[in-house]
Amino acid sequence: MVGDEALREALVELKMLREREAEALRASNAIVDGLSVVAGSDRPHDALARLLASVQKSLDCTHVVLVKGDGDHALVEQAVDTALIGRAMPADVLTGRGVRRITDTAALAWWGEMPESLVRMRAALSARLRLQDGEFGVIMALSEEPAKFGLDCKRLLSRLADLAAQAIRTLSLSERNRLLAGVIDGSSASFAIADARVSEMPLFYVNDAFVALSGFQRAEVLGRNCRFLSDEPPDSVERTRLREAVRERHGGSFLLRNRRRDGSQFWNRLTLYPILGADGAVEQLVATQVDVTAEREAEAARDEARSRLVGALSATSEAFLLLDAAGRVVFSNRQFRDFFEVEDVVWAEGVRFEDAWCRRLEYLGTPRPHARRHARARLVTVMSGSMNREERLPDGRILLVNDRPLGDGGAVSIATDVTSLKATERILAQRAAAIDATQDGIAVTDEEGRFVYMNAAHLTMFGYACEDEILGQPWQSLYEPSQAAVIENVAVPVLQAEGTWRSEITGRARDGRPVEQEVSLTLLNGIGLVCVTRDISERQENERERARLRERLNTAQRQEAVAQLAAGVAHDFNNLLSVVTSSVALAETAVARGDDPAQHLARIRAAGTEAGALVSKMLDTGRKPGARRKIDLGETLRGAVELLRAGVPKRVALSLSLPDTPIAISADPADVLQVVLNLGINARDALGQNAGQIDVTLETAGRILADGWVEAVIGEIDPERRYARLVVRDTGPGMSVDDQGEIFTPYYTTKGAEGTGLGLAVVTSVVRQIGGALALESVLGKGSTFIVYWPLDERTATTAVQVRGQEGQPASPRHILTGATVIVCDDVERVAEGLAAIIETAGAEAAVCTDPRDALEAVREDPAAWSLLLSDFDMPALDGAALAAAVREIRPDLPIVLCTALDREGPQTALFDAVVQKPVDPDRLLDALAEALAARHAGGSAVERRR
């Protein structure tokens, strides 16, 4: 029995021994497998994945994951199940040190935050990993069986964790090396790497940039020492330095002459730096190379230019001193030292100007404190270049000193010995510098007309880069032949007579483009011609654009006004025609009965006068702006309001309030009409279909600040000027603040499709053109008030306004028409007969012609038989101007009066002694004929008077 017990104990001990041996064998096999995986893989990323698979196999578990810390979270970095890579895990996974064993995950509150596929795991074993750069993580094995992992598994995972950490570090290093290799391979800089462990230091790597720079292919250079690239003499300083650095395995920067494969030489800036191995010894030498040939050539050219400049400045008779931004001497030539060096005062490079000047003053007897203060002030003067000054040296020589600041903060001081020179020579040189810097183009020709000088502005204007391209050329080269002919035929005679000529003319640039310019020419005897020119193309374009926009705006506004007033004008014409037709019927009845028809004829005449006025106002609305003349603003305003009244419905009350005395202004009546019509129509449209009130008021002139008038929103009010105030007020709905800020913008309208947005823009344009101002007061629900401040011409403000037909004017010498013979030419027979009848009431004889050729033939047959010619304008065969011109050829002194239905201006009326508008007022017609005849008898003519 005792023997049996001993046998059983031996068997149990043998079994335990075999289990420990099996466990040790399993651990050894797992470690061997891990080592072979890590060491035998060329791809560290794949090695890490296979290592985790080996751990899974060794521990016989469900999952193995590698988790890294990421702030307050944990992320799966690698896993056997790749679907888990990148999944978030609770930060509690990372807690603990060494190896952590979890026998039952159900007891952990945070386990429910694990990824869905891992929540069902019931046992876990994790080992903490130390990674690089302070990072850490864990390798974790998980199993669905509770208490799966024993102490043997814990020991095994602890040993495998070191392999995992090594694999991770290898992977990180591999990624970094791959990145560095990519950067070097793709770099535009040339890289070459030599093996520093071999005495010959052969090249084992060059990048594409090296191949492109040297012209050698990799197969031609790898394995060779790179000294074959050098074209530097063996004993040169740079090559000796490089040889020493390579021998000592040191870094450095070197400038060498190298030679390419094709034999061409280039300058190479080589930078050498060593790469240390794990033992601290230099294993490789890396060299970067940059082709700096262009830079070296530029430096050589700069040095050569500087040398030539120094030589030139040293040889010149003028003294030069160049200072840097800190006030130190950069260069001083021999002449400067001759002027200012005394004893130990040396103007060498690097010397502080203030110190040298102070020592000079002390040598000349100035006490040290004063010398220092004066030296500091002198430095400020030199650096600022504030003035040109004369300076007397102790030996009596007089210097003209010119200090100029430079763009880099330094300054140059130039001194000229003017003792034996005229002061005017220096002044002329300074003036020449000023002329060269002016923005106006200035050119000088010799007496043969060839350019001898042209400043920078003139060169730029005509597209020349330097004087060499134009000097010696004739001035005609800057003009088209036609323009050159104008100068020769027009300007040259004036220059010879008066010495100067000024005009605007078009030049021709070097590339053929036109140069619009204002030219002033001055002839200097013995010298040639001085030309001062200014480019006015931009100004002309701006003027043309403003005129074009103004015309478009006025045209659109006139079209809008005519369209809106057409209905009202038609209504008034119908009323007038009714008066005429009814009065004619009554007059006929009165004549038949033997009664006096005078009262009926008076009504007809009044209706005709009113119809003529209505037509005249309509023509004013549609015509282009004319010249300004002296007018009574009140009377002009009255006519404008009457025209506006035709377009205002009867539900709107329109009132006009004028001052008792005339207000004289110099203006185009069309401007007044534009302002009143636009403001009035704007007020009418604001009222819409509602009844309301529009009040137009003209107030006596006054000074704005004194009267406390409203602040302008368009234009500016001069408190020293006198203004009349034109107020247009309506009882409409008013405007919001936003609308008030936009209504003066062209094409902005609150009327929808019915508005153009041009009316108030036209008002704004007129106000600015006359130099006035416009104010606006508007409150929602309480209407709007527009106030136009119309400037008064101080010269005409107190002058009485003369209006045609005004009472008290001197009577015209109508008696002179008695016995006169008048040709009346109008293609409408009834009109011509009517005019003839009016003329015959004054005792004259009238002959009617409906064809202007008949009138011309009558004058040609007997020029002396006729006293006057009264002609229409628009006629077949010949218009009025052509007829007048032909008659003037035959009889220049014959008075000719134009009778037209349209408003004629300018050249169209130049040949006429007077103009009478249709429908004709008999008194005005007879007065015009009498005045024209009297003027001719007095020895004058229309043409002579207008000259």
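Preceding this section is the structure that the text describes.
Here's a quick rundown of the structure. For clarity, every value in this text was computed on a predicted model and none was experimentally measured. (Residues numbered from 1 in each chain as written. Predicted model: local features only at pLDDT ≥ 70, side-chain atom pairs only at ≥ 80, totals over all residues. Heavy atoms only, no water.)

1. Things to note about the pattern of salt bridges
Taken as a whole, this structure holds 33 salt bridges when the rule is applied. For arginine 261, the salt bridge goes to glutamate 220, with nearest N and O atoms at 2.8 Å. Of this pair, arginine 261 sits in the loop between strand 9 (252-259) and strand 10 (265-276) while glutamate 220 sits in helix 5 (residues 218-221), placing them 41 residues apart in sequence. Since its relative accessible area comes to 25%, glutamate 220 is described here as partly exposed. Linked by salt bridges that have partners in common, Arg352, Glu354, Asp355, Arg372 and Arg376 make up one network. (Salt bridge = Lys/Arg side-chain N within 4 Å of Asp/Glu carboxyl O. Helix = DSSP H or I, 4+ residues; strand = E, 2+ residues; numbered from the N terminus. Buried < 20%, exposed > 50% of the residue type's maximum accessible area, 1.4 Å probe, protein only.)

2. Some details on unusual backbone geometry
Here arginine 249, not a glycine, exhibits a phi torsion of approximately 60 degrees, which is positive. Inspection of the secondary structure puts arginine 249 in the loop between helix 6 (237-247) and strand 9.

3. A short note on the nonpolar core
Judged by nonpolar contacts, the single largest core of 41 residues is most densely connected at Leu633, Ile665, Val676, Leu679, Leu726, Val788 and Trp790. Take this core: its biggest share by element is 9 residues, from helix 17 (residues 669-687). Apart from the residues within four sequence positions on either side, tryptophan 790 is in contact with Leu633, Ile665, Ala667, Asp671, Val672, Val675, Arg722, Tyr723, Ala724 and Ile770. (Core = buried A, V, L, I, M, F, W, Y, C linked by side-chain atoms within 4.5 Å. Contact = heavy atoms within 4.5 Å.)

4. Brief notes about the sheet that holds strand 33 (residues 896-900)
On the basis of which strands lie adjacent, the open sheet formed by 5 strands has the order 31-30-32-33-34 and parallel pairing. Two strands close off the open sheet at either side, each with one partner strand: strand 31 (845-849) and strand 34 (914-917). On average, each strand axis in the sheet is tilted by 20 degrees relative to the strand beside it, whichever way the strands run. Contacts from helix 22 (residues 852-861) reach strand 30 (821-825) and strand 31, with the element oriented near 155 degrees to strand 30. Against the sheet, helix 23 (residues 880-890) touches strand 30, strand 32 (868-871) and strand 33, its axis set at about 165 degrees to strand 32. (Pairing = 2+ DSSP bridges. Axes fitted to C-alpha atoms, helices over the stretch in contact; angles between N-to-C directions.)

5. Some thoughts on the sheet that holds strand 13 (residues 329-332)
Spatially, 5 strands are ordered 13-12-16-15-14 in an open sheet, and the strand pairing comes out antiparallel. Only two strands of the sheet have a single partner each, and these edge strands are strand 13 and strand 14 (388-392). Sheet twist, expressed as the average angle between the axes of neighbouring strands with direction ignored, equals 20 degrees. With 3 bridges connecting them, strand 12 (residues 319-323) and strand 13 associate as antiparallel partners. Within the sheet, the bridge partner assigned to leucine 323 lies in strand 13 and is valine 329. Lying over the sheet, helix 10 (residues 368-384) contacts strand 12, strand 14, strand 15 (398-405) and strand 16 (411-417), oriented at roughly 65 degrees with respect to strand 15.

6. Remarks on the environment of glycine 732
Locating glycine 732 in the fold gives a position in the loop between strand 27 (722-730) and helix 19 (737-742). In this structure the C-alpha to C-alpha distance between glycine 732 and threonine 785, which are 53 residues apart in sequence, comes to 10.0 Å. Ignoring anything within four residues of it in the chain, the contact list for glycine 732 reads Leu687, Gly781, Lys782 and Gly783.

7. Notes on helix 22
Where helix 22 is concerned, the buried positions are Pro852, Ala855, Leu856 and Val859. All buried residues of helix 22 project into a common sector of 100 degrees when viewed along the axis, lining one side. Among the exposed residues of helix 22, those pointing more than 90 degrees away from its buried face are Arg853 and Glu861. Tucked inside the fold, the buried residues of helix 22 contact strand 30, strand 31 and helix 23. Put simply, aspartate 851 is the residue that caps the front of helix 22, since its side-chain oxygen is 2.9 Å from the backbone nitrogen of arginine 853. (Arc of directions from axis to C-beta. Polar contact = N/O pair within 3.5 Å; in protein donor to acceptor, adjacent residues only side chain to side chain.)

8. Some points on the side chain of serine 143
Take serine 143: it is sitting in strand 6 (residues 136-143). A polar contact is formed between the side chain of serine 143 and the backbone nitrogen of glutamate 145, at a distance of 3.2 Å. When neighbours within four sequence positions are excluded, serine 143 is seen to be in contact with Cys61, Thr62, Met121, Arg122, Ala123, Lys148 and Phe149.

9. Describing the pairing of strand 32
Every second residue of strand 32 is oriented toward a common face, with Leu868 and Leu870 on one face and Leu869 and Ser871 on the other, all of them buried. In this sheet, strand 32 lies alongside strand 30 in parallel orientation, the contact comprising 4 bridges. Each residue of the ladder has a partner; that of cysteine 825, found in strand 32, is serine 871. The sheet contact formed by strand 32 and strand 33 spans 3 bridges and is parallel. Following the sheet pairing, leucine 869 is matched in strand 33 by isoleucine 896. Each parallel crossover has a hand, and the one from strand 32 via helix 23 to strand 33 is right-handed. (Right-handed = clockwise from strand over helix to strand, strands pointing away.)

10. Details of the packing of helix 21 (residues 829-840) against helix 24 (residues 922-937)
With their axes 10 Å apart at the nearest point, helix 21 and helix 24 run at an angle of 70 degrees to one another. Relative to helix 24, the element helix 21 is oriented roughly perpendicular. Helix 24 is crossed by helix 21, and the crossing has right-handed handedness. Where helix 21 abuts helix 24, its residues Leu835, Ile838 and Ile839 lie against Pro922, Leu925, Leu926 and Leu929. (Parallel < 35°, antiparallel > 145°, perpendicular 65-115°, else oblique. Left-handed = near helix turned anticlockwise from the far one by under 90°.)

11. Let's talk about the packing of helix 22 against helix 23
Contact pair helix 22 / helix 23: the axes reach a minimum separation of 10 Å and the direction vectors enclose 10 degrees. Put simply, helix 22 runs roughly parallel to helix 23. When helix 22 is examined against helix 23, the residues Pro852, Leu856, Val859 and Arg860 are found in contact with a partner set consisting of Leu883, Ala886, Val887 and Ile890. Tallied by class, the residues present in the contact of helix 22 with helix 23 amount to 7 nonpolar, no polar and 1 charged. (Nonpolar A, V, L, I, M, F, W, Y, C, P; charged D, E, K, R; others polar.)

12. What about the packing of aromatic side chains?
This model, assessed by the stated rule, comprises 11 aromatic pairs. Measuring from centroid to centroid gives 5.6 Å for tryptophan 110 and tryptophan 111, while their planes differ by 50 degrees, and the two rings are tilted. The same class applies to tryptophan 110 and to tryptophan 111, which are both buried. Ring centres of tryptophan 475 and tyrosine 479 lie 6.0 Å apart, and the angle between their planes is 70 degrees; this geometry places the pair in the edge-to-face category. The exposure classification of tryptophan 475 matches that of tyrosine 479, with both residues buried. Three or more aromatic residues joined by ring pairs make a cluster, and in this case those are Phe336, Phe339, Phe340, Trp347, Phe353 and Trp357. Across from the ring centre of phenylalanine 228, 3.9 Å away, lies the NZ or CZ of arginine 224, which sits over that ring. (Phe/Tyr/Trp six-rings, centres within 6.5 Å; stacked < 30°, edge-to-face > 60°. Lys NZ or Arg CZ within 6 Å of the ring centre and 35° of its normal.)

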